[in-house]
Amino acid sequence: MNIESLFSPKSVAIVGVSDKPGFGSGAAREIAKGVLKDNCYYIHPKRDELFGRKCYRSLAELPQRVDCVVLCTNANLAIDYAEQAGQLGAKALVVYASGFREEHTPEGDAREDQLIAICEKYGMALSGPNNMGLCNRVGKVNLRPAGPSNQLDIDIDCGLGIVGQSGYILSNLYQQCFEHTAYLVSSGNGNMVRLEDYMLYFANSEHCNAIAVYLEGIKDAGVFTQALRVAAEKEKPVIILKSGRGERGTKAASSHTGQMAGAYTAYQSIFNKYGVISVTTLDEFVATAKLMTVLGKNLPQKPGIGAINFSGGENTLCADLSEEYGLDVPAFQPETVKALSEIVPSYSTVNNPLDPTTTMFTQCDKVQAMLEAIANDPGVGLVLIGDDLSEPPAPKDVTINKVVKTLRDEGKNYPIVLVPSFERPRCEQIKAELAANGVPLLGPGRVGYSALRHLFDYCAYRRDAHTLSIAAPDKKRARLKKVALSEADSKREMRLCGVPVPKQFIAYSKEDILVHWNNMALPLVLKINSPDISHKTEAGGVRLNINDRETACRAFGEIISNCTSYNPKARIEGILVQEMAPAGQEIIVGVTNDAQFGPMILVGLGGVFVEVFKDVSVSVCPINKTEAMDMIGKLRSFKLLNGYRGSEPLDVEALAELLVNVSNYALAHKDDLAELDLNPVMVYPKGVKAVDALVVRYEQGED
């Protein structure tokens, strides 16, 4: 299977063409353009001609073998035509129809399985089913039944690659970003050529400078993260709108595409590791995609914004929104203030944000000097202009456009963006000319400022600080049940992987306690050691602060009696005797195993507070020490670790090393580790110690 056969076919046949409104009519009109116009064939069993083109009764009647077949038929007919296409040597198949696996019916599942089997047999790349095709504007190939009528008339060599699992959302995103889009793909069910395959294609393509993804779920975590890794290495922004973030959304995503969306927390940690720009609304999606593809490689080298608006009110709102989104609007340096004071009218106060007054924006030389002074300020990395680009254009719009062109002609590629104050009709010509010169127009208000927040976060990402790999399971195995190790065995596992734990031994009798007593530092803790009793305190299976032999022996008998009564069927594997760790800051460290991405490591405020405050940070494994420190630093409770109100700073470095060791253990056991819980981990001014541990493994069946 070659995905290029979908993007760059030299000939195409459209089955199910029609003059009635719908996919058959749209495909007939739109596909027969661009490089395919002389090698596009219509298939209709009863028509001789449509839209001035000859119709053939079947694929077998075509005068040549075609590279690609587009099916506008219903699901049942699609199976027969797919077989015919394969027999005749087609290398690509596009199926618009629904009625396959997304229906969650045995009949739909069987149809899709049959369709995929046919494509695999003949080596055909399958786009769909349940999709709206794809468009390659660079190569002037369109296999969609809709789109701007001039989509193949405008030359584009590099731009945005758009892919997603909703034809409707993608079509609207395409219309908003049309002039900047190089590729568009509606992946549909995507059980053969998957969404992540398209992402990898875009990541490797020299014709894509940014990737926008509407994501409900993925099929192959390895290919997905490979695409993100390639994009990160090539410094190519990836903007993802992940739906199914909540329980209801997850169910909706599943019913829409026939697949379960992964846990959103797992996706968040993946996005953080690979520098993905994660957006949450469609407006934010559009604005951020435009921003990243229009700016291209011309990104801010410093985090500061130099802002220009045309009223005091807009300046105030600019300052408010910048503060709300954590954007830096620094005071201009004295040399910048001096330069601006000589340019702007005397009644304009030089501040950042700056109101230079509208009247000055008829003088191109002054506007250019002002922009250069702001852009060259030592604290400024990007110039923001609060302009609406109204239709018809105002004098200031014309001036801004002229000045930007002059700056670009002179090789002065300052990052400049326009953030309007109001939603209104724009001057499309000036908007397009500004974009051609690398200046994007964003959405108004919060939409624009949220996009700028994403821009600066992306600029701050450092891929060399991250481990650009995951511990996804190598094989999907039949997991029969979970098996918990005893606390003693769990701690033994942790000690072997470098996690500090209290000194301990197993006592099977009171005599065992006396034998080992002199080798232990007081006080001691006694706990029931049983894989069948997870809530030890509830079962009466814990005794603390034991300082003498008599108390220890009495506690031994009480624990055995309590736990036998609590669960008569429980396997009692002796009593765990351990040195009692001094009090410290309680932290929880845990691992869960995501079905797609593998082990996920968690750190947070521990003890009884973990359920109360839910102050945790999560990352996909493996992690390095830099990533571990970043996880710890994101905790709201980090102040408690870093020295709060005169308290002694705790050993965050040791906690980070513990996280790395646990991550390495999870990596080594990615196929059999179900859960891991260290709660609490005591953090001290020097060192850490895991006081309690639980390792749960999968008992696996045959492949």
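Residues numbered from 1 in each chain as written. Predicted model: local features only at pLDDT ≥ 70, side-chain atom pairs only at ≥ 80, totals over all residues. Heavy atoms only, no water.

Quick notes on the overall build of the protein
Phase 1 of the analysis: Helix and strand counts for the protein stand at 23 helices and 28 strands.
Phase 2 of the analysis: For the C-alpha atoms alone, the extent of the protein along its principal axes is close to 100 × 80 × 35 Å.
Phase 3 of the analysis: Here the protein holds 703 residues, and the buried ones make up 58% of them.
Phase 4 of the analysis: Restricting to contacts in the protein with at least 6 residues of sequence separation, those with at least 24 account for 71%.
Phase 5 of the analysis: Looking at the protein as shown, the accessible area adds up to about 29600 Å², and 51% of this sits on carbon and sulfur atoms.
Phase 6 of the analysis: The distance from the centre of the 73 positive side-chain charges to the centre of the 84 negative ones in the protein is 2 Å. (Helix = DSSP H or I, 4+ residues; strand = E, 2+ residues; numbered from the N terminus. Buried < 20%, exposed > 50% of the residue type's maximum accessible area, 1.4 Å probe, protein only. Contact = heavy atoms within 4.5 Å. Areas by Shrake-Rupley, 256 points an atom, 1.4 Å probe, with all protein chains shown as cover. Lys, Arg positive; Asp, Glu negative; His and termini not counted. Charge placed at Lys NZ, Arg CZ, Asp CG, Glu CD.)

Topic: the sheet that holds strand β20 (residues 524-528)
Phase 1 of the analysis: In space, the four strands of this open sheet follow the order β19-β22-β20-β21, with antiparallel pairing throughout. Single-partner strands in this sheet number two, and they are β19 (504-507) and β21 (542-546). In this sheet, adjacent strand axes meet at a mean angle of 20° when their direction is disregarded.
Phase 2 of the analysis: Of the pairings in the sheet, the one linking β20 to β21 comprises three bridges and is antiparallel in character. By the bridge assignment, L524 is partnered in β21 with I546.
Phase 3 of the analysis: In this fold helix α17 (residues 487-496) packs onto β19, β20 and β22 (575-579), with an angle of close to 45° to the strand it touches most, β22. (Pairing = 2+ DSSP bridges. Axes fitted to C-alpha atoms, helices over the stretch in contact; angles between N-to-C directions.)

Details of the pairing of strand β6 (residues 92-95)
Consecutive side chains along a regular strand alternate between the two faces of the sheet.
Phase 1 of the analysis: Residues A92 and V94 line one face of β6 and the alternating positions L93 and V95 line the opposite face, and both faces are buried.
Phase 2 of the analysis: Bridging between strand β5 (residues 68-71) and β6 involves four bridges; their strand directions are parallel. Within β6, the residue paired with L71 across the bridge is V95.
Phase 3 of the analysis: The parallel pair β5 and β6 is bridged by helix α3 (residues 75-87), and the resulting crossover is right-handed.
Phase 4 of the analysis: With three bridges connecting them, β6 and strand β7 (residues 125-127) associate as parallel partners. Opposite V94, over in β7, you have S127 as the bridge partner. (Right-handed = clockwise from strand over helix to strand, strands pointing away.)

Here we look at the packing of aromatic side chains
Phase 1 of the analysis: Scanning all chains against the criterion turns up 15 aromatic pairs.
Phase 2 of the analysis: Seen in terms of ring centroids, Y174 and F178 are 5.7 Å apart; in terms of plane orientation they differ by 75°. Their pairing is edge-to-face. This pair shows no difference in class: Y174 is buried, exactly as F178 is.
Phase 3 of the analysis: Considering the side-chain rings of F224 and Y267, the 6.3 Å spacing of their centres and the 75° angle between planes classify their relative orientation as edge-to-face. Of this pair, F224 sits in helix α7 (residues 221-233) while Y267 sits in helix α9 (residues 264-274), and the two are 43 residues apart along the sequence. Of the two residues, F224 and Y267, neither departs from the other in class, the shared state being buried.
Phase 4 of the analysis: Residue placement shows R53 over the ring face of Y42; its charged tip is 5.9 Å from the ring centre.
Phase 5 of the analysis: When the ring centre of F310 is taken as origin, the NZ or CZ atom of K396, which lies over that ring, is 5.1 Å away. (Phe/Tyr/Trp six-rings, centres within 6.5 Å; stacked < 30°, edge-to-face > 60°. Lys NZ or Arg CZ within 6 Å of the ring centre and 35° of its normal.)

Considerations on the packing of helix α14 (residues 395-409) against helix α15 (residues 428-436)
Phase 1 of the analysis: Contact pair α14 / α15: the axes reach a minimum separation of 10 Å and the direction vectors enclose 25°. Regarding the angle of α14 to α15, the classification is roughly parallel. Considering how the two elements wind past one another, α14 and α15 form a crossing that is left-handed. Residues D397, V398, I400, N401 and V404 of α14 lie in contact with α15, whose contacting residues are I430, E433 and L434.
Phase 2 of the analysis: The class makeup of the residues in the contact of α14 with α15 is five nonpolar, one polar and two charged. (Parallel < 35°, antiparallel > 145°, perpendicular 65-115°, else oblique. Left-handed = near helix turned anticlockwise from the far one by under 90°. Nonpolar A, V, L, I, M, F, W, Y, C, P; charged D, E, K, R; others polar.)

A look at the pattern of salt bridges
Opposite charge on two side chains permits them to pair, given that their charged atoms come into close proximity.
Phase 1 of the analysis: Here the structure, examined in full by the defined rule, presents 38 salt bridges.
Phase 2 of the analysis: The closest approach of N and O atoms between E235 and R463, which form a salt bridge, is 3.8 Å. In this pair, E235 sits in the loop between α7 and β13 (238-242) while R463 sits in the loop between α16 (446-460) and β18 (479-484), placing the two residues 228 residues apart along the sequence.
Phase 3 of the analysis: Taking relative accessible area as the criterion, E235 reaches 48% and is therefore assigned partly exposed.
Phase 4 of the analysis: The residue R453 makes a salt bridge to D457 at a minimum N-O spacing of 2.9 Å. (Salt bridge = Lys/Arg side-chain N within 4 Å of Asp/Glu carboxyl O.)

Describing unusual backbone geometry
Phase 1 of the analysis: With an omega of 0°, the peptide bond between C621 and P622 qualifies as cis.
Phase 2 of the analysis: Considering the arrangement of structural elements, one finds P622 in the loop between β25 (616-620) and α21 (625-633).
Phase 3 of the analysis: For the bond running from N679 to P680, omega is 5°, close enough to zero to count as cis.
Phase 4 of the analysis: A positive phi angle, close to 55°, is found at F51, a residue other than glycine.
Phase 5 of the analysis: Summarising the element assignment, F51 is placed in the loop between β3 (49-50) and β4 (53-56).
Phase 6 of the analysis: Unusually for a residue other than glycine, K140 sits at a positive phi of about 60°.
Phase 7 of the analysis: Assignment of secondary structure puts K140 in the loop between β8 (134-136) and β9 (141-142).

Focus on the pairing of β4
Phase 1 of the analysis: Where strand β2 (residues 40-43) meets β4, two bridges bridge the pair, whose relative direction is parallel. Note that in β4 the partner of Y42 across the bridge is C55.
Phase 2 of the analysis: Taken together, the two bridges between β3 and β4 define a ladder with antiparallel strand orientation. Bridge pairing links E49 to K54 in β4.
Phase 3 of the analysis: Linking β3 to β4, which pair antiparallel, is a turn of two residues; within it F51 sits at a positive phi near 55°.

Focus: the packing of α21 against helix α23 (residues 652-668)
Phase 1 of the analysis: Where α21 meets α23, the closest approach of the two axes is 9 Å, and the angle between their N-to-C directions is 120°. Here the hand of the crossing between α21 and α23 comes out right-handed. Residue-level inspection shows K625, A628, M629 and I632 of α21 in contact with α23, the latter providing V652, E653, L655, A656, E657, L659 and V660.

Looking at α14
Phase 1 of the analysis: With 15 residues, α14 should reach 21 Å at 1.5 Å per residue; the first-to-last C-alpha distance of 21 Å fits that figure.
Phase 2 of the analysis: All of the buried residues in α14 are K396, D397, T399, I400, N401, V403, V404, L407 and R408.
Phase 3 of the analysis: Close packing links the buried residues of α14 with α13 (364-375), β16 (382-385), β17 (416-418) and α15.
Phase 4 of the analysis: Positive backbone phi, at 80°, marks G411, one or two positions downstream of α14. (Expected span 1.5 Å × (residues − 1).)

Side note on the nonpolar core
Phase 1 of the analysis: Counting residues in hydrophobic clusters, the biggest one holds 66 residues, and the most contacted among them are I31, L143, F224 and F597.
Phase 2 of the analysis: For this core, the element with the highest residue contribution is α7, accounting for eight residues. (Core = buried A, V, L, I, M, F, W, Y, C linked by side-chain atoms within 4.5 Å.)

Details of the confidence of the model for the protein
Atom-level detail of predicted coordinates should not be read off regions where pLDDT is low.
Phase 1 of the analysis: Looking at the protein, pLDDT values average 92 and 95% of them are 70 or higher.
Phase 2 of the analysis: Taken as a whole, residues 249-262 scores under 50 in pLDDT and shows 36 contacts with residues more than four places along the chain or in a different chain. (pLDDT = per-residue confidence, 0-100.)

Some details on the environment of L50
Phase 1 of the analysis: Looking at where L50 falls in the secondary structure, it is placed in strand β3.
Phase 2 of the analysis: Residue L50 is classed as buried on the basis of its relative accessible area, which comes to 4%.
Phase 3 of the analysis: In the structure, L50 is positioned 33 residues away from V17 in sequence and 8.0 Å away in space, judged by C-alpha atoms.
Phase 4 of the analysis: Ignoring any residue separated from it by four or fewer positions in sequence, one finds L50 in contact with V17, S18, D19, A28, Y42 and C55.

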